[in-house]
Amino acid sequence: MTTYACPKGHASSTDDFCDECGAKISASSPPAPLAAPAVPATAANPCPHCGAPRAGSGRFCEDCGFDHQTGKIPVLTAPVATPAPATWTASIEPDREYFEANAIEGVSFPAAVSPRTVAVVPPQIRIGRGSSSKGTAPEIDLKDDDPGVSHNHALLTLSVDGVWLLSDLGSTNGTYLNDEQKPLTAGQSRALAEGDRVHVGAWTTITLHRTSPI
């Protein structure tokens, strides 16, 4: 079918007046070019990355994710796994070297106290001697282990930075860390690390162990 170019851009089937807008068509106006048949978008615009048909004018390829706007495939960042927090344990045992350094009169080093291990559970671990009359119930209870430990002797506290802190609670015989000659003063806190040894009472040494998560 022959059509004629309307001065307003329409393709008219009549050569005198545009059958769409009514504008006069010049006798010298050339016939309008035939419109190319519409090609489905899925066939005309394959994805340049994987060749899959592009459905409509969507930005991303439905098959491979190619971004038709930027010409790139989005890089997906894998979520970063949050490592599980480390766990801590404390081994409790009579320490002859610490006992002899204390040299407390009238007290003999125990012969039948076995070492034991307890979990160090946040947020706090109290070290002392349990007593119903005193109202004390420490997590590390040394009432049957060491008579030189005060009822409220020392405290382990997990800081916001994940570091365990050692504090003395005004104990009678003091709280010592590792090989230091001076005990912690009441209320003073010290950061602890793997393998640190806390000395309390007449002969007790508490050694901290850090267990990495699996």
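Quick caveat: nothing in here was measured; it's all calculated off a predicted structure.

## Thoughts on the pairing of strand E12 (residues 204-211)
Remember that side chains alternate between the two faces of the sheet whenever the strand is regular. The pairing of strand E3 (residues 87-94) with E12 spans 8 bridges and is classified as antiparallel. In the strand pairing of E12, Ala90 is matched with Leu208. As judged from the 4 bridges shared by strand E11 (residues 197-200) and E12, these two strands associate in the antiparallel manner. Across the sheet, residue His199 finds its bridge partner in E12, namely Thr205.

## Looking at the layout of surface pockets
Estimates place the volume of the largest pocket at around 280 Å³. In terms of lining, the largest pocket is formed by Asp95, Glu97, Tyr98, Ala101, Asn102, Tyr176, Asn178, Asp179, Glu180, Gln181, Arg197 and His199. Looking at which element gives the most residues to the lining of the largest pocket, the answer is helix H2 (residues 96-102), with 4 residues. The residue inventory of the lining of the largest pocket, partitioned by class, reads 3 nonpolar, 4 polar and 5 charged. Taken as a whole, the second largest pocket encloses approximately 190 Å³ of empty space. In terms of lining residues, the second largest pocket is bounded by Pro85, Ala86, Thr87, Trp88, Val120, Pro122, Leu158, Gly162, Trp164 and Arg210. Of the residues that constitute the lining of the second largest pocket, the class distribution is 7 nonpolar, 2 polar and 1 charged.

## What to know about the environment of Cys50
Examined against the element boundaries, Cys50 turns out to sit in the loop between helix H1 (41-44) and E3. Cys50 sits 15 residues away from Gly65 along the chain, and the two C-alpha atoms are 9.5 Å apart. The residues touching Cys50, leaving out its near neighbours within four places in the chain, are Cys61, Asp63 and Cys64.

## Section: the nonpolar core
Within the largest apolar cluster, 21 residues are counted, with the highest numbers of intra-cluster contacts made by Val120, Ile127, Ile140, Leu156, Leu166, Leu192 and Ile206. Contributing elements (two or more residues each) for this core: E3, strand E4 (116-120), strand E5 (124-128), strand E7 (152-158), strand E8 (164-168), E11 and E12. The element that contributes the greatest number of residues to this core is E3, accounting for 3 residues.

## Description of empty space enclosed by the protein
Applying the stated criterion to the full structure yields 1 cavity of 30 Å³ or more. Reported here for the largest cavity is a volume of approximately 40 Å³. Looking at the largest cavity, the residues that line it are Ile92, Glu93, Pro94, Val113, Ser114, Asp145, Trp203 and Thr204. With 3 residues, the top contributor of residues to the lining of the largest cavity is E3. When grouped by side-chain class, the residues that make up the lining of the largest cavity number 4 nonpolar, 2 polar and 2 charged.

## Describing the confidence of the model for the chain
Looking at the chain, the pLDDT average stands at 83 and 85% of residues meet or exceed 70. Ranking the helices and strands of the chain by mean pLDDT puts E11 first, with 97, and H1 last, with 51. Across residues 34-42 the pLDDT falls below 50, and counting only partners more than four positions away or on other chains, this stretch makes 7 contacts in the model.

## Considering the packing of aromatic side chains
In this structure the tally under the stated criterion is 4 aromatic pairs. The structure contains a cluster of three or more aromatic residues connected by ring pairs, namely Phe99, Phe109 and Trp203.

## Section: the sheet that holds strand E6 (residues 140-141)
Taken together, the 5 strands give an open sheet; going across it, the order is E6-E5-E7-E8-E10, and neighbouring strands pair in mixed fashion. Only two strands of the sheet have a single neighbouring strand rather than two, namely E6 and strand E10 (189-191). In this structure, E7 lies alongside E8, joined through 5 bridges in antiparallel fashion. Bridged to Leu158 within E8 is Trp164.

What counts as what
Residues numbered from 1 in each chain as written. Predicted model: local features only at pLDDT ≥ 70, side-chain atom pairs only at ≥ 80, totals over all residues. Heavy atoms only, no water. Pairing = 2+ DSSP bridges. Helix = DSSP H or I, 4+ residues; strand = E, 2+ residues; numbered from the N terminus. 1 Å grid on protein atoms, 1.4 Å probe; cavity = no way out; pocket = protein on both sides within 12 Å on 5 of 7 lines; lining within 4 Å. Points joined across faces, edges and corners; volume = space filled by probe spheres on them. Nonpolar A, V, L, I, M, F, W, Y, C, P; charged D, E, K, R; others polar. Contact = heavy atoms within 4.5 Å. Core = buried A, V, L, I, M, F, W, Y, C linked by side-chain atoms within 4.5 Å. Buried < 20%, exposed > 50% of the residue type's maximum accessible area, 1.4 Å probe, protein only. pLDDT = per-residue confidence, 0-100. Phe/Tyr/Trp six-rings, centres within 6.5 Å; stacked < 30°, edge-to-face > 60°.

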